[in-house]
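Overview (structure and organization)
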Amino acid sequence: MILHLPPELHVNILTFLRANDLSSLQRTCRTFNDRNLIHSIIDTFANTVYPPELSHGFDTPAIGGEVHVLNPHNQFWTYEALRNMEMLVVAPLLSPPQPPK
């Protein structure tokens, strides 16, 4: 059963989902509403899935508004931070090209 897999496999599997899907999963299953798991997923996205140069700053208010960090001392993020990271990564692709300098 998927709920009994090791956390590393959960992170690996869940990185194929988008922030909205992960948020829905978090609300429907206690196993996936685990702070450590959520932090691991967001950290994996920030450092492995997306290039760090594109995801840098995803947890700042300048990107997508204020990010709700439940505990600012240990940086527990919600999937709202992941949604902001997705916006950071996609925005350059949707922006018109900059003229050459």
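Structure report, in brief. (Residues numbered from 1 in each chain as written. Predicted model: local features only at pLDDT ≥ 70, side-chain atom pairs only at ≥ 80, totals over all residues. Heavy atoms only, no water.)

**Observations concerning the nonpolar core**
I41, I42, F58, L82 and M85 are the most contacted members of the largest nonpolar core, which totals 21 residues. Among the elements of the structure, α1 (7-14), α2 (19-28), α3 (35-49) and α5 (79-94) are those that each provide at least two residues to this core. (Core = buried A, V, L, I, M, F, W, Y, C linked by side-chain atoms within 4.5 Å. Buried < 20%, exposed > 50% of the residue type's maximum accessible area, 1.4 Å probe, protein only. Helix = DSSP H or I, 4+ residues; strand = E, 2+ residues; numbered from the N terminus.)

**Re the packing of α3 against α5**
Contact pair α3 / α5: the axes reach a minimum separation of 10 Å and the direction vectors enclose 10°. Between α3 and α5, the angle is such that the two are roughly parallel. The residues of α5 that touch α3, namely those facing I38, I41, I42, F45 and A46, are Y79, L82 and M85. Considered class by class, the residues forming the contact of α3 with α5 number 8 nonpolar, no polar and no charged. (Axes fitted to C-alpha atoms, helices over the stretch in contact; angles between N-to-C directions. Parallel < 35°, antiparallel > 145°, perpendicular 65-115°, else oblique. Contact = heavy atoms within 4.5 Å. Nonpolar A, V, L, I, M, F, W, Y, C, P; charged D, E, K, R; others polar.)

**As for the packing of aromatic side chains**
For any pair of aromatic rings, the description consists of the separation of the ring centres together with the inter-plane angle of the planes. Applying the stated criterion to the full structure yields 1 aromatic pair. Centroid distance F45 to Y50: 5.6 Å. Interplanar angle 40°. Geometry classified as tilted. Under the relative-accessibility criterion, F45 is labelled buried at 2%. (Phe/Tyr/Trp six-rings, centres within 6.5 Å; stacked < 30°, edge-to-face > 60°.)

**Overview of the pattern of salt bridges**
Under the criterion given, the structure shown has 1 salt bridge. Here R18 and E86 are joined by a salt bridge, their closest N and O atoms 3.3 Å apart. Note that R18 is positioned in the loop between α1 and α2 and E86 in helix α5, a separation of 68 residues in sequence. Residue class for E86 comes out buried when judged on its relative accessible area of 6%. (Salt bridge = Lys/Arg side-chain N within 4 Å of Asp/Glu carboxyl O.)

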